[in-house]
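Spelled out, the chains give:
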Amino acid sequence: MRALQVFLLAIGVVLLGGVTSLAARGRWTTRLGAGGVCLGSGLGLAVALGAVRAGGEASLQLPWNLPYGSFAMRLDPLSGFFLLPVFALAAVTALYGSSYMPAHAGRRGLGSHWFFFSVMVAGMALLVAARDGLLFLIAWEIMSLATFFLVTFDDDRASVRAAGWTYLVAGRIGIALLLPLFVLLAARTGSFDFEAWRQSVPLAGPGSGVLFGLAVLGFGIKAGFFPLHVWLPEAHPAAPSHVSAFMSGAVIKMGIYGLLRFLPLLGAPQPWWGPLLIGIGLASALVGILFAVAQHDLKRLLAYSSVENIGIVTLGMGIGWLGVQYGSATLAALGFGGALLHVLNHAAFKGLLFLAAGSVLRTVRSVDLHELGGLLKRMPQTGIVFAIGAVAICGLPPLNGFASELLIYLAAISGGVSASSGAMLATSGAVAGLALVGGLSVACFTKAFGMAFLGEPRRAGAEAASLIHEDAALAATASTAAPHDPAPAMRAALWLLACACVGLGLGAWLVAQALVPVIASVAGMRSEAVHEALAPSVGALRLTSVAAVVLLVLALLLVAFRRAVLAGRSVRAGVTWDCGYARPTARMQYTAASFAQPITSTMQGLLRTRERLAAPEGLFPRAASLDSHTPDAPRKYLFEPLFAHIAAGLARFRWLQHGNLHIYVLYIAVTLVVLLLWRV
């Protein structure tokens, strides 16, 4: 009870900061808005850590005047775990935004931005703690609508308005799928209380399959499952960078939370649940990273990468459900453990990468990889933290992405040698798919880092801004000086997340042990059984961490030795040997399109990339270029034709719209009569 009081206080502080920022003026608008989020998130973070560590539950139930349901809240290990990325990332992104957003002051009201940011954070916290179906849906809508207003902050741009509408329509479809799920569950027990749903007679047969399908589709839209992800690569690049970071690191995880919270309420897992989730995860991961490789807009690339990482999380969940179905503690513990750890890791490294991209956008005024290059010399701190995030997201040791993917690998290998032939086939496919995704991730982020930070500048920052940036107001307010690292508050946010990537990687074995109550809660297992099943993998993670620390110490010793040897000597810098070119230029470098061309050509059947080639001509060609554009295939070939047909069908009913008020009143009267007759 006491924990919930502090939790409600945290939500109140967050909301208070947002409300007061509406009335504030000048610098106080950002100070109150961002300060409220940081202070409230700090309180909430302490409660969340306590819920995960204690492994117990705190509950609160209050009467309310709304029909059905109640104001029921509970903090268990699963809620506490998902509150960690929500509060931690909210605080870091608010800190970043406190220095990022003032550039918009004067032409846009920052009070409304911080108000909706606070509402979004509060809505998500309420969502994770809700234990009543009606309260859950209200919190879900608060989160979704607040996010819509944040995405459309720059609503004078047509692309932003289009992205906002796509996000809004996807959200409406998602809630339209979740409503029947909740109504059907409530119809069985006569209550919206989660505990009543859990204690009811387990579902079996087609009924559980229908509810499972509704849950996967409804929550899958928010999570960004392929092919339901179409809102994600539109909304993330359109939003301000700290909002993009929070959406990718925390908001889409609410879809994962929904699945982990509600699937256990549907009874024993059916034999096809695990393989289906593995298939969805593999498809999302592979398609997501392939589309990411083909993108040239850095924020859009990161958005597709989020689809990939949600696929990896779903892959782990699918293996976990296989373990529950076959009664394999090792399979369940490693699968769910890898998925949960990747949720936390993805929040850290994707938040870092989006914030670093925002720093590039702020100073260079472009995130088009064709326009960037050589930023490491001008923005060394941004380049270093981006490299840390890139290594982490590629799953390379010793950073955090490696630890979670290692657990999922071990789970899949465990399933391949110990479970049935069906599970063996599914988990073997998971191993192969995960390896392919890992290779493509390395190619993708080599391209992202190499094109943006290495080599020579492809175009001067000011020139790039005038040519390609649609936000003329932002271009006018940004600095016209040479590209440079961002302001101290933004740098602090970047380094906090970079340290989180390193810390979660080196301390992964400790984090995995701390996840035992959470895994036990999801898998319905005893904590002792989960601890025993995880023990060998925790040992492997500990060994990796020790080896990484030893290598790091050796590297530092070598640097110290070199400095000692060179002390007092004259050291000159020379040109790197580069095949005889003493002064390399951007014309000699790979472009983003040419770097990705071998992959996009190989996967042309899926990606449908359109290339525009100006081949070199003559003995001394003066110019040549290769450009490519990869549209989102599900959006272009599935959803756009589908919605065009729906719009054409609905257009046939326009005769109902007379513009006559009396006719509309008649419609309402007829509807009321029909409803009264139906009730009789």
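Rules and cut-offs
- Residues numbered from 1 in each chain as written.
- Predicted model: local features only at pLDDT ≥ 70, side-chain atom pairs only at ≥ 80, totals over all residues.
- Heavy atoms only, no water.
- Phe/Tyr/Trp six-rings, centres within 6.5 Å; stacked < 30°, edge-to-face > 60°.
- Helix = DSSP H or I, 4+ residues; strand = E, 2+ residues; numbered from the N terminus.
- Buried < 20%, exposed > 50% of the residue type's maximum accessible area, 1.4 Å probe, protein only.
- Lys NZ or Arg CZ within 6 Å of the ring centre and 35° of its normal.
- Salt bridge = Lys/Arg side-chain N within 4 Å of Asp/Glu carboxyl O.
- Expected span 1.5 Å × (residues − 1).
- Bend = angle between axes of the 7 residues up to and from the residue.
- 1 Å grid on protein atoms, 1.4 Å probe; cavity = no way out; pocket = protein on both sides within 12 Å on 5 of 7 lines; lining within 4 Å.
- Points joined across faces, edges and corners; volume = space filled by probe spheres on them.
- Axes fitted to C-alpha atoms, helices over the stretch in contact; angles between N-to-C directions.
- Parallel < 35°, antiparallel > 145°, perpendicular 65-115°, else oblique.
- Contact = heavy atoms within 4.5 Å.
- Nonpolar A, V, L, I, M, F, W, Y, C, P; charged D, E, K, R; others polar.
- Core = buried A, V, L, I, M, F, W, Y, C linked by side-chain atoms within 4.5 Å.
- Patch = residues over 30% accessible without salt bridge, like charges linked within 9 Å, V, L, I, M, F, W, Y side chains within 5 Å.
- Areas by Shrake-Rupley, 256 points an atom, 1.4 Å probe, with all protein chains shown as cover.
- Polar contact = N/O pair within 3.5 Å; in protein donor to acceptor, adjacent residues only side chain to side chain.

## Remarks on the packing of aromatic side chains
And step 1. Summed over the entire model, instances satisfying the criterion amount to 33 aromatic pairs.
And step 2. Summarising the aromatic geometry, the rings of Phe7 and Phe87 are spaced 6.4 Å apart at their centres and angled 75° between planes, so their arrangement reads as edge-to-face. With Phe7 in helix H1 (residues 2-23) and Phe87 in helix H3 (residues 77-100), the pair connects residues that are 80 residues apart, well separated along the chain. You'll find Phe7 and Phe87 in the same group, each marked buried.
And step 3. Ring centres 5.0 Å apart and planes at 55° place the aromatic pair Phe182 and Phe262 in the tilted group. Highlighted residues: Phe182 in helix H6 (residues 158-189) and Phe262 in helix H11 (residues 253-262), separated in sequence by 80 residues.
And step 4. Phe182 gets classed as buried once you look at its relative accessible area, which sits at 0%.
And step 5. An aromatic cluster of at least three residues, connected via ring pairs, comprises Phe136, Trp140, Phe182, Phe192, Phe194, Trp197, Phe219 and Phe262.
And step 6. Positioned above the aromatic ring of Trp28, the side-chain terminus of Arg31 is 5.2 Å from the ring centre.

## Description of the pattern of salt bridges
And step 1. Throughout the structure, instances matching the rule amount to 11 salt bridges.
And step 2. Residue Glu234 is joined to Arg300 by a salt bridge in which the shortest nitrogen-to-oxygen separation is 3.2 Å. With Glu234 in helix H9 (residues 232-238) and Arg300 in helix H13 (residues 298-326), the pair connects residues that are 66 residues apart, well separated along the chain.
And step 3. Taking the relative accessible area as the measure of exposure, Arg300 reaches 19% and is therefore buried.
And step 4. Here Lys377 ties to Glu456 by a salt bridge, and the two come within 3.3 Å at their closest N and O atoms. Here Glu456 lies in the loop between helix H18 (421-453) and helix H19 (461-468) and Lys377 lies in helix H15 (residues 375-378), a separation of 79 residues in the sequence.
And step 5. Residue classification places Glu456 among the partly exposed positions, given a relative accessible area of 24%.
And step 6. Here the salt bridges do not stand alone but share partners, grouping Arg74, Glu195 and Arg198 into one network.

## Examining helix H14 (residues 329-364)
And step 1. Taking 1.5 Å of rise per residue, 36 residues should cover 52 Å, and H14 covers 51 Å from first to last C-alpha, within 8% of that figure.
And step 2. Remark: the principal bend of H14, roughly 25°, maps to Asn345.
And step 3. Within H14, 34 of the 36 residues are buried, which leaves it mostly tucked inside the rest of the structure.
And step 4. One or two steps after H14, the chain reaches Arg365, where phi turns positive at roughly 65°.

## A short note on empty space enclosed by the protein
And step 1. The full count for this structure, using the stated rule, is 3 cavities of 30 Å³ or more.
And step 2. As a volume, the largest cavity reaches approximately 70 Å³.
And step 3. Lining the largest cavity, in full, are Trp140, Ser144, Tyr167, Ala170, Gly171, Gly174, Ile175, Gly218, Ile221, Lys222 and Trp231.
And step 4. Elements with a minimum of two residues in the lining of the largest cavity: helix H5 (133-151), H6 and helix H8 (206-223).

## Re the packing of helix H4 (residues 110-129) against helix H10 (residues 241-251)
And step 1. At a minimum axis distance of 13 Å, the contact between H4 and H10 shows a crossing angle of 5°. Here H10 runs roughly parallel to H4, going by the angle between their axes. In this structure, H4 uses His113, Trp114, Phe117, Met120, Val121 and Met124 to contact H10, whose residues at the interface are His242, Val243, Phe246, Ala250 and Val251.
And step 2. Across the contact of H4 with H10, the residue classes break down as 9 nonpolar, 2 polar and no charged.

## What to know about the environment of Arg587
And step 1. Looking at where Arg587 falls in the secondary structure, it is placed in the loop between helix H24 (527-566) and helix H25 (592-602).
And step 2. Its relative accessible area of 67% is what places Arg587 among the exposed residues.
And step 3. Linking Arg587 and Ala623, residues 36 residues apart in sequence, is a C-alpha distance of 9.1 Å.
And step 4. Those residues in contact with Arg587, other than ones at most four positions away along the chain, are Pro621 and Arg622.

## Things to note about H4
And step 1. The end-to-end C-alpha separation of H4 is 29 Å, in line with the 28 Å expected for 20 residues at 1.5 Å each.
And step 2. In terms of burial, H4 is largely enclosed, as 17 of its 20 residues are buried.

## Re unusual backbone geometry
And step 1. Residues Phe226 and Pro227 are joined by a peptide bond in cis, for which omega reads 0°.
And step 2. Inspection of the secondary structure puts Pro227 in the loop between H8 and H9.
And step 3. The residue after Pro397, namely Pro398, is reached through a cis peptide bond having omega 5°.
And step 4. Along the polypeptide, Pro398 turns up in the loop between helix H16 (380-393) and helix H17 (400-418).
And step 5. The backbone of Arg365 shows a phi angle near 65°, a positive value even though the residue is not glycine.
And step 6. Within the secondary structure, Arg365 sits in the loop between H14 and H15.

## Some words on the nonpolar core
Generally speaking, a soluble globular protein has its nonpolar side chains buried in company with each other.
And step 1. Ranked by size, the top nonpolar core spans 210 residues in total, and within it Phe7, Phe81, Phe82, Phe136, Phe246, Ile256 and Phe445 carry the most contacts.
And step 2. In this structure, Phe445 is in contact with Leu301, Leu302, Ser305, Leu353, Ala390, Ile393 and Cys394, ignoring residues within four places of it in sequence.

## As for the side chain of Ser144
And step 1. Among the structural elements, Ser144 can be located in helix H5.
And step 2. Not counting the four nearest positions on each side in its chain, Ser144 is found in contact with Tyr167, Arg172 and Lys222.

## A few points about a nonpolar patch on the surface
And step 1. Together, Val169, Ile173, Leu642, Phe643, Ile646, Leu650, Phe653, Trp655 and Leu656 give the surface a local cluster of nonpolar side chains, amounting to about 830 Å² of exposed area.
And step 2. Mapped by element, the contributors of at least two residues to the nonpolar patch are H6 and helix H27 (633-651).
And step 3. The element contributing the most residues to the nonpolar patch is H27, with 4 residues.
And step 4. Examined against the element boundaries, Leu656 turns out to sit in the loop between H27 and helix H28 (661-679).

## A closer look at the side chain of Ser306
And step 1. For Ser306, the position within the fold is in helix H13.
And step 2. Residue Ser306 is classed as buried on the basis of its relative accessible area of 0%.
And step 3. One polar contact links Ser306 to Ser248, side chain to side chain, over a distance of 2.5 Å.
And step 4. When neighbours within four sequence positions are excluded, Ser306 is seen to be in contact with Leu232, Ser248, Ile252, His346, Lys350 and Phe354.

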